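# Coordinate analysis (summary)
What follows is the residue order along each chain.
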Amino acid sequence: MSSDGRGATPDLFADPQFAPVGRERLGEQAWVLRGWAREHDAEVFAAVQAVLADAPLRHMYTPGGQRMAVATSSCGGLGWTSSAAGYRYLSRDPQSGRAWPAMPPVLAELAERAALEAGFADFAPDTCLINRYLPGVRLSLHQDRDEQDLAQPIVSLSLGLPAVFLFGGATRAERQQPVLLQHADVLVWGGVDRLRFHGVRPLKPGWHPLLGEQRINLTFRKAL
């Protein structure tokens, strides 16, 4: 991540294309909150930079030995990891051996408020997965089921280049609903929608004034 090179973080939302347009229902318990992070743009940017300075992005490997195209890191009490040992949450960064960086309060509070707005009270995430997408990178359809309490929702914040999120059904074969996610949009899903398959289409080339040629996604979960 980088600023505009002039020593200050630009105000992206002076541009009307980034203005919030309310919330959109995707399912019975799934919502897109448009522009939800707008008022905290500079704080979120600084918080993510600080986390990545301590726990840099890296390409993990699937249990089958495939290098993941999406670069990842984490913050919070736990971090999501993938290796020959499987998909799991660990309290320490396997790359450094140190505890993952603490989750910055601005990120935790944003996730909690977004969850409440979508109808999920008392959400207290203990992990935030940070994914970086470069042009051409996609995320295949999958379910988030590595968490112990599947009654807890998932909160996902998009930063940078727009992406098409695919919101599917209870099986991989069901038709997916394409959802365009812009910078500062937050997606929340849980309850009856918690185990829906989902993914991301290949990221299209572009340029974002804050993040350049990339998309950063923050996914908040309650793992334990």
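Throughout, residues of each chain are indexed from 1 in the direction in which the sequence is written. A pLDDT threshold of at least 70 governs which residues receive local features in this predicted model, and a stricter bar of 80 or more applies before side-chain atom pairs are shown or counted, although totals over entire chains, interfaces and linings include all residues. Only hydrogens and water are set aside when side-chain values are computed; all heavy atoms of the structure are taken into account.

### Some remarks on the sheet that holds strand E12 (residues 198-200)
Between any two strands, at least two bridges found by DSSP are needed for them to pair. Counting from the N terminus, the helices are DSSP H or I runs at least four residues long and the strands are E runs at least two residues long. On the basis of which strands lie adjacent, the open sheet formed by four strands has the order E7-E12-E9-E10 and antiparallel pairing. Unpaired on one side and paired on the other, strand E7 (139-142) and strand E10 (177-181) mark the two borders of the sheet. Going across the sheet, the axis of each strand differs from the next one's by a mean of 20°, ignoring polarity. Looking at chain direction, strand E9 (residues 163-167) and E12 are connected through three bridges and run antiparallel. When the sheet's bridge partners are listed, Phe-167 is paired in E12 with His-198. Note on method: axes are straight lines fitted to C-alpha atoms, helices fitted across the in-contact stretch only, with angles between N-to-C directions ranging 0 to 180 degrees.

### Quick notes on the side chain of Thr-127
Turning to its location among the elements, Thr-127 is positioned in strand E6 (residues 127-133). Under the relative-accessibility criterion, Thr-127 is labelled buried at 1%. In the analysis that follows, any N or O atom pair within 3.5 Å is treated as a polar contact, provided that within protein one partner can donate a hydrogen and the other can accept it, and provided that, for residues neighboring in sequence, both atoms belong to side chains. Among the polar contacts made by the side chain of Thr-127, one reaches the main-chain carbonyl oxygen of Leu-78 at a distance of 2.8 Å. Any two residues whose heavy atoms approach within 4.5 Å at even a single point are treated as in contact. For Thr-127, the residues in contact, after removing those within four places along its chain, are Cys-75, Leu-78, Gly-79, Trp-80, Tyr-89, Met-103, Thr-219, Phe-220, Arg-221 and Ala-223. Only protein chains enter the accessibility calculation, which uses a 1.4 Å probe; a residue is then buried when its area is under 20% of its type maximum, exposed when over 50%, and partly exposed in between.

### Things to note about the pairing of strand E4 (residues 79-83)
Working note: regular strand, side chains alternate between the two faces of the sheet. In terms of burial, E4 is largely enclosed, as four of its five residues are buried. Bridge count between E4 and strand E5 (residues 86-90): five bridges; the pairing is antiparallel. Note on E5: the bridge partner recorded for Ser-83 is Gly-86.

### Comments concerning the UniProt feature "binding site: substrate" (unreviewed entry) in the protein
UniProt positions are given in the numbering used here, feature names are shortened, and annotations may be inferred rather than shown by experiment. Mapped onto the present numbering, the UniProt feature "binding site: substrate" (unreviewed entry) falls at Trp-80, Tyr-87, Arg-88, Tyr-89, Asp-146 and Arg-172. A maximum C-alpha distance of 23.8 Å shows the annotated residues, which cover 93 residues in sequence, to be distributed over more than one spot. Structurally, Tyr-87 can be placed in strand E5. Leave out the neighbours within four places in its chain, and Tyr-87 touches Thr-62, Pro-63, Trp-80, Thr-81, Ser-82 and Asp-146. With respect to the helices and strands, Tyr-89 occurs in strand E5. Non-local contacts of Tyr-89, meaning those with residues more than four positions away in its chain, are made with Leu-78, Gly-79, Trp-80, Thr-127, Asp-146, Glu-147, Arg-221 and Ala-223. Here Glu-147 takes part through its side chain, which lies 2.6 Å from a polar atom of the side chain of Tyr-89.

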